[in-house]
Amino acid sequence: MIIYGVAALAACHLAGVILGDLLGIILGVQSNVGGVGFAMLLLIVVTDWLRRTGRLPALSEQGILFWSAMYIPIVVAMAAQQNVVAALAGGPIAIIAGVGATAVCMALVPVVARIGGQDEPLPPLMAQEA
Amino acid sequence: MEMITDILVKNGLVFAFVTVGVVMWLSYQLSDRLSAGRLHGSAVAIIIGLVLAWIGGIATGGSRGLADVPLFTGIGLMGGAMLRDLAIVSTAYGVDIREIRKAGAAGIAALALGIVMSFVVGALVAAAFGYTDAVSMATIGGGAATYIVGPVTGTALGASSEVIALSVAAGLLKAVLVMIGTPFVAPLIGLNNPKSAMAYGGLMGTTSGVAGGLAATDKRLVPYGAMTATFYTGLGCLLGPSVMYLALLAITGG
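Looking at an unreviewed UniProt entry, one finds chain B named Malonate transporter subunit MadM, with Paracoccus hibiscisoli as its source organism.

Going by the annotation in an unreviewed UniProt entry, the name recorded for chain A is Malonate transporter subunit MadL, with Paracoccus hibiscisoli given as the source organism.

Spelled out as structure tokens, the structure:
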């Protein structure tokens, strides 16, 4: 059933966020540390195990793939509720700090990505796949 | 008419699906017709989303963009942290764990470098504008990391509300820039494989920025970038009021 896939995804999400909050408390930070990252690792490990033991039929899989396909529309909704007015109203300090940090960090991507050898680009995407 | 708006308000999330669906359709049409597909439809959609957020913010004076308009409160639920994180987690389905292990060292280096460089840039800009005390410099530096690290650092150190507001603005601007800019800079910085995406997530850190920016570039890169970006804000909140502040204190002499 599709709900099994959705439930597995949701359970991984919650477990990861709880783990991230616990880590935040242990480190003494008022923030979640890596919750979504832990959730992703959990989902990868759990679904891999379920698939290998034949307990993840295609229908259950659809429950996860649906949310994955909804990702871009959800991100668009996220963009539509950003505080863009405040972002633009911060004056020169905020603009220079924001633009400067973004530019410097973007420029460092090729440097960091070279650690441990360069990777091949992904194959080109099919037109309708996106 | 009132009856219809009433129904739309009551069915906020359902109406949000329609609204975003229309925005997506429009975006892909614009992408095909005006840029011959060169600017990805999802990039256009995110830009339209940000413009709508700006319009909503101007119209209501609120802080949640279009979601502050009563008719569009459902956008707030659809694009809120809960469903956003669920969707981000779901993109990890089918990811090859070996890719993540291979890029682990680069990811950790990216996180450390991304946080430190953001603090350095933010603190330098703050000092250039006359905020030469370590508290203000650390707070604006935190804002240059993300719009959460800034206020968390500022609150912990007792920064003025004016400085905290500046740090939030810097972080918001970074998120918006990363969302819009990623597809344009991707070819220049080799952002086309899982490893560079993990480096990108760790260096940029803003989850919403990275989530939107990579979606507009190549959806297959999303899980790798999100994986590292999700550690960034927490680590920034950890380092900001401690290591970064103490380093700035040592440099400025109090």
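The residues that UniProt annotates with the feature "transmembrane region" (unreviewed entry) are residues 7-27, 33-51, 63-81 and 93-113 of chain A. End C-alpha to end C-alpha, residues 63-81 of chain A measures 26 Å, and it is 84% helix and 0% strand.

Contacts between the two partners involve 99 residues from chain B and, on the opposite side, 80 residues from chain A. Summed over both sides, the interface of chain B with chain A buries roughly 7700 Å², with 78% coming from carbon and sulfur. Taken as a group, V89(B), Y93(B) and R220(B) account for 10% of the area that chain B buries against chain A, more than any other trio of residues on that side. Across the chain B-chain A interface, the total number found is zero salt bridges. Applying the counting criterion to the chain B and chain A interface returns 15 residue pairs in polar contact (both at pLDDT 80 or more).

In this section: helix α2 (residues 35-52) of chain A. With 18 residues, α2(A) ought to run about 26 Å at 1.5 Å a step, and its terminal C-alpha atoms sit 26 Å apart, in line with that. Taken residue by residue, α2(A) has G35(A), V36(A), G37(A), A39(A), M40(A), L43(A), I44(A), T47(A) and L50(A) as its buried positions. For α2(A), the elements touching its buried residues are α1 (2-27) and α3 (58-69) of chain A together with α5 (81-90), α6 (97-102) and α13 (222-252) of chain B.

Okay, the packing of helix α3 (residues 41-60) of chain B against helix α10 (residues 161-185) of chain B next. Residues and elements named next belong to chain B. Their axes nearest at 10 Å, the elements α3 and α10 cross at an angle of 155°. One way to sum up the angle between α3 and α10 is to call them roughly antiparallel. In terms of crossing hand, the pair formed by α3 and α10 is left-handed. Judged by residue contacts, A43, I46, I47 and L50 of α3 engage V176, M179, I180 and P183 from α10.

What counts and how
Residues numbered from 1 in each chain as written. Chains lettered and ligands numbered in written order. Predicted model: local features only at pLDDT ≥ 70, side-chain atom pairs only at ≥ 80, totals over all residues. Heavy atoms only, no water. UniProt positions renumbered as here; feature names shortened; annotations may be inferred. Helix = DSSP H or I, 4+ residues; strand = E, 2+ residues; numbered from the N terminus. Contact = heavy atoms within 4.5 Å. Buried area = accessible area lost by both parts, 1.4 Å probe. Salt bridge = Lys/Arg side-chain N within 4 Å of Asp/Glu carboxyl O. Polar contact = N/O pair within 3.5 Å; in protein donor to acceptor, adjacent residues only side chain to side chain. Expected span 1.5 Å × (residues − 1). Buried < 20%, exposed > 50% of the residue type's maximum accessible area, 1.4 Å probe, protein only. Axes fitted to C-alpha atoms, helices over the stretch in contact; angles between N-to-C directions. Parallel < 35°, antiparallel > 145°, perpendicular 65-115°, else oblique. Left-handed = near helix turned anticlockwise from the far one by under 90°.

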